[in-house]
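Residue strings, one per chain:
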Amino acid sequence: MRVTHAWTDDAATIHLSGLQRPVRMLHVTDVHCALLDERDARHEDACRDYCQRFAGNERILAERFNEARELGVDLVALTGDIMHFPSRALVDYLARQMEQLQVPVLFTCGNHDWRFPGLSDEEAVREQWWPRLDPLHPGRAGCAACEVNGIQFLQVDDSTYQVDDEQLAWVRERLATGRPTVVLSHIPLSLPTLRAPTIDRWKAPILIGDPDWDQESRERWKAGADRPTTLQYVQLLAGAENLVAVFCGHVHFPHADAVNPRVVQYVGGLGIEGARRLVEFRPL
Ligand SMILES: [Fe+2]
Ligand SMILES: [Fe+2]
């Protein structure tokens, strides 16, 4: 499979050998919407400041959906932190927007989508809250797949900085189909070219599989030590012959970095500021 990439901060063109039909995708990430109603009254105190700080962000998301409609894209990829917390008001709002759009919207969890402020970042908490997000994805929140015009899009929730056994086995199985594959996840893979600007912005390499992220800082970010399955996942993606691209967010600035000569990892700009990337997959 031959692949070429060309990009700016808000666009990318990916030429792909063997592709029968073009695919256009709008990539949006980190809009941090904050809406709350009486159904989540017990989280009101914890969310009050965020509801003020992020007031109106849901309209920014609606603008992106309108843009997707006007552009006539084949799919919209949402790569996490679309919601700042999983309120019923937000899940309903987002589910309604997705339904009205009438093109596939692939929703991947970020570290904020499943967690109310004040709750811990543990995986057990994520598992407890995942079911609330059921209206936003077809089936499992940890990993799901969607095929559009011959490209398989894999949604992998890496929002705890780790990938577990089940996700690793599932991604391996999907890659073994040999189909051209695009991975959508929230936290980017640590790559040398992305590491420095991430540390500039966050004072820590808040990325997946970073070999030099010290333990103390990892604990502050609730990242934990890398598990063997996380490191195997990074290796699997770096070596997969049919992987085309990775799309993610989390660090709040746009970037694009080669994983290898065939694969580029695209980091989306901050959705709060209206950033998005229009991606065109074209036959080579
Ligand atoms: Fe974010
Ligand atoms: Fe994030």
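The preceding data block contains the structure.
My aim in this report is to walk through the structure given alongside it, one point at a time. (Residues numbered from 1 in each chain as written. Chains lettered and ligands numbered in written order. Predicted model: local features only at pLDDT ≥ 70, side-chain atom pairs only at ≥ 80, totals over all residues. Heavy atoms only, no water.)

### Focus on the sheet that holds strand β7 (residues 151-156)
Heads up, the rule is: When DSSP locates at least two bridges between a pair of strands, those strands are taken to pair. Strands are runs of DSSP state E lasting at least two residues, helices are runs of H or I lasting at least four, and both sets are numbered from the N terminus onward. Interaxial angles span 0 to 180 degrees and are taken between N-to-C directions of axes, which are lines fitted to C-alpha atoms, for helices over the stretch in contact. Pairs of residues are marked as contacts when any of their non-hydrogen atoms sit within 4.5 Å.
Overall, mixed pairing links the 6 strands, which are arranged β6-β7-β8-β9-β11-β10 in an open sheet. Two strands in the sheet have a free side with no partner beyond their single neighbour: β6 (143-148) and β10 (255-258). Taking each pair of neighbouring strands and ignoring which way they run, the sheet shows an average axis angle of 20°. This element, helix α5 (residues 165-175), spans β6, β7 and β8 (181-184) of the sheet and lies at about 175° to β7. Contacts from helix α6 (residues 192-202) reach β10 and β11 (264-267) within the one sheet, and its direction differs from that of β10 by about 150°.

### Details of the coordination of the iron ion (ligand 1)
Just so we agree on the cut-off: Listed donor atoms are N, O and S within 2.8 Å of the metal (Na, K and Ca: 3.2 Å). As water is not included, a site may look incomplete. Square planar and octahedral sites, with four and six donors, are those where opposite donors lie more than 155 degrees apart and all other angles lie between 65 and 115, tetrahedral sites have four donors with every angle between 85 and 135 degrees, and the rest are irregular.
Only D30 (OD), H32 (NE2), D81 (OD) and H252 (NE2) from the protein coordinate the iron ion (ligand 1), and they sit 2.1 to 2.3 Å from it. If you look at the iron ion (ligand 1), its 4 donor atoms make angles of 91 to 165° with each other, and the shape they trace is irregular. Positions of the donor residues of the iron ion (ligand 1), expressed as sequence spacing, correspond to D-x1-H-x48-D-x170-H. A distance of 3.6 Å spans the gap from the iron ion (ligand 1) to the iron ion (ligand 2), which D81 bridges by coordinating each metal. Placement of the pair is H32 in the loop between β3 (23-28) and α1 (44-53) and D81 in the loop between β4 (75-78) and α3 (88-101), with a sequence separation of 49 residues.

### A closer look at the coordination of the iron ion (ligand 2)
The iron ion (ligand 2) binds to the protein through D81 (OD), N111 (OD1), H186 (NE2) and H250 (ND1); the donor distances cover 2.1 to 2.2 Å. Ordering the donors of the iron ion (ligand 2) by residue number gives the pattern D-x29-N-x74-H-x63-H.

### Quick notes on the pairing of strand β2 (residues 11-16)
One face of the sheet, then the other: side chains in a regular strand alternate in exactly this way. To be explicit about the condition: Here's how the labels work: a residue is buried when its accessible area is under 20% of the maximum for its type, exposed when over 50%, partly exposed in between, all with a 1.4 Å probe on protein chains only.
Residues A12, I14 and L16 line the buried face of β2, whereas the alternating positions A11, T13 and H15 sit on a face that is not buried. Here strand β1 (residues 3-7) runs beside β2; their pairing, made up of 5 bridges, is antiparallel. Paired with T4 across the bridge in β2 is H15. Taking the residues that link successive antiparallel strands as the turn, the β1-β2 hairpin has 3 residues. Sheet topology note: the β2/strand β12 (residues 277-283) ladder contains 6 bridges and is parallel. If you follow L16 over to β12, its bridge partner there is P283.

### Describing the side chain of D30
Heads up, the condition is: The positive count covers Lys and Arg only, the negative count covers Asp and Glu only, and His and the chain ends enter neither. The term salt bridge refers to a pairing of a side-chain nitrogen on Lys or Arg with a carboxyl oxygen on Asp or Glu at a separation within 4 Å. Polar contact is the term for a pair of N or O atoms within 3.5 Å; when the atoms are in protein, one must be able to donate a hydrogen and the other to accept it, and sequence-neighboring residues count only if both atoms are side-chain atoms.
Tracing the sequence through the fold places D30 in the loop between β3 and α1. The side chain of D30 sits in the buried core without any salt bridge; R201 is the nearest counter-charge, 9.2 Å away. A distance of 3.0 Å separates polar atoms of two side chains, one belonging to D30 and the other to H252. Here D30 is in contact with G80, D81, I82, H186, G249, H250, H252, L270, G271 and I272, once residues within four sequence places are set aside.

### Thoughts on the sheet that holds β12
In space, the 6 strands of this open sheet follow the order β1-β2-β12-β3-β4-β5, with mixed pairing throughout. Looking at which strands have only one partner, the edges of the open sheet turn out to be β1 and β5 (105-107). Geometrically, the sheet is characterised by an average inter-axis angle of 20° between neighbouring strands, direction not taken into account. Packed on one face of the sheet, helix α2 (residues 57-71) meets β3, β4, β5 and β12 and runs near 170° to β3.

### Thoughts on α3
This is how the line gets drawn: Multiplying 1.5 Å by the helix residue count minus one yields the expected span of that helix.
Taking 1.5 Å per residue, 14 residues should reach 20 Å; α3 reaches 20 Å between its end C-alpha atoms and fits that length. Taken together, the buried positions of α3 are occupied by A89, L90, V91, Y93, L94, A95, Q97, M98 and L101. Each element contacted by the buried residues of α3 is listed here: α2, β4 and β5. Taken from the residues just after α3, Q102 is the one with a positive phi, measuring 60°.

### Observations concerning α2
With 15 residues, α2 should reach 21 Å at 1.5 Å per residue; the first-to-last C-alpha distance of 21 Å fits that figure. Within α2 the residues assigned to the buried category are N57, E58, I60, L61, A62, R64, F65, E67 and A68. Those residues of α2 hidden inside the fold are in contact with β3, β4, α3 and β5. Downstream of α2 by one or two residues, G72 has phi in the positive range, about 65°.

Note that all results are geometric; they support no functional claim without further evidence.
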